[in-house]
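Topology and contacts: notes
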Amino acid sequence: MELTQIRLLVSDFPAVYRFYRDVLGLKPQFEAESGPYAKLSPATGNAAIALQDRGQMADVLGRLGAEPTGYRALVVLRVDDLDVTHAELASRGVEFTRAPGPMGDRIRVAYLEDPEGNLIELQEWLALREPS
């Protein structure tokens, strides 16, 4: 078994797509602003986030037609400098739900939401765990 992606089901595909591409700066595998599917990746690393139109998936699995309530996922993006990234995204109009701050003694985090309310954590690693 191989994990290929985590996919977010979204109702306003164009708005969410533009947010991940234009605001967060993730690179699409191919241009697909109108959906119904897109995969976007940061400049470094192997991870990717995929977007899927909720209406299309509801045609496959009817129970997905209802809008979810509450947080259903947490997208985590590691950044080299949280303060620089926070300032850059704030200059693009991003409103943070939590400003940069510590989470334990190993990372600093900040939180924001995409246009559909999916929670995004930006994290800066302060210290790496020592090998066991």
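What you are looking at is a predicted structure, and each value in this text was computed from that prediction instead of being measured.

Our focus in this paragraph is the nonpolar core. Formed by 26 residues in total, the largest nonpolar core has its most connected members in Tyr20, Leu24, Leu51, Ile120 and Leu122. Residue assignment for this core shows that the elements contributing at least two residues are β1 (6–10), α1 (13–23), β3 (37–41), β4 (49–53), β5 (74–78), α3 (82–91), β7 (107–113) and β8 (119–125). Take this core: its biggest share by element is six residues, from α1. In this structure leucine 24 touches Phe19, Leu77, Leu89, Arg92, Leu112 and Ile120, once residues within four positions along its chain are discounted.

As a further point, take α3. Within the sequence span of α3, burial applies to Leu82, Thr85 and Leu89. Each buried residue of α3 lies within a common arc of 65° when the element is viewed along its axis, so the set occupies one face. Where α3 is buried, its residues meet α1, β6 (96–103), β7 and β8. At the N-terminal boundary of α3, the capping side chain belongs to aspartate 81, with an oxygen 3.1 Å from the backbone nitrogen of aspartate 83.

Let's shift gears to unusual backbone geometry. Of note, the amide linkage connecting glycine 35 to proline 36 takes the cis form, showing an omega dihedral of 10°. If you trace the backbone, proline 36 turns up in the loop between β2 (27–28) and β3.

Here glutamine 52 is to be found in strand β4. For glutamine 52, a relative accessible area of 5% corresponds to the buried category. Among residues more than four places away in sequence, those in contact with glutamine 52 are Arg7, Leu8, Leu9, Val10, Phe13, Pro36, Tyr37 and Met57.

The element α1 is largely enclosed, with a buried count of eight among its eleven residues. Three or more residues of α1 are buried, namely Phe13, Ala15, Val16, Tyr17, Phe19, Tyr20, Arg21 and Val23.

Along the chain, glutamate 88 turns up in helix α3. Relative accessible area serves as the criterion here: at 38%, glutamate 88 is assigned to the partly exposed category. Residues glutamate 88 and valine 23 lie 65 residues apart in sequence; the distance between their C-alpha atoms is 9.4 Å.

Calculation rules
- Residues numbered from 1 in each chain as written.
- Predicted model: local features only at pLDDT ≥ 70, side-chain atom pairs only at ≥ 80, totals over all residues.
- Heavy atoms only, no water.
- Core = buried A, V, L, I, M, F, W, Y, C linked by side-chain atoms within 4.5 Å.
- Buried < 20%, exposed > 50% of the residue type's maximum accessible area, 1.4 Å probe, protein only.
- Helix = DSSP H or I, 4+ residues; strand = E, 2+ residues; numbered from the N terminus.
- Contact = heavy atoms within 4.5 Å.
- Arc of directions from axis to C-beta.
- Polar contact = N/O pair within 3.5 Å; in protein donor to acceptor, adjacent residues only side chain to side chain.

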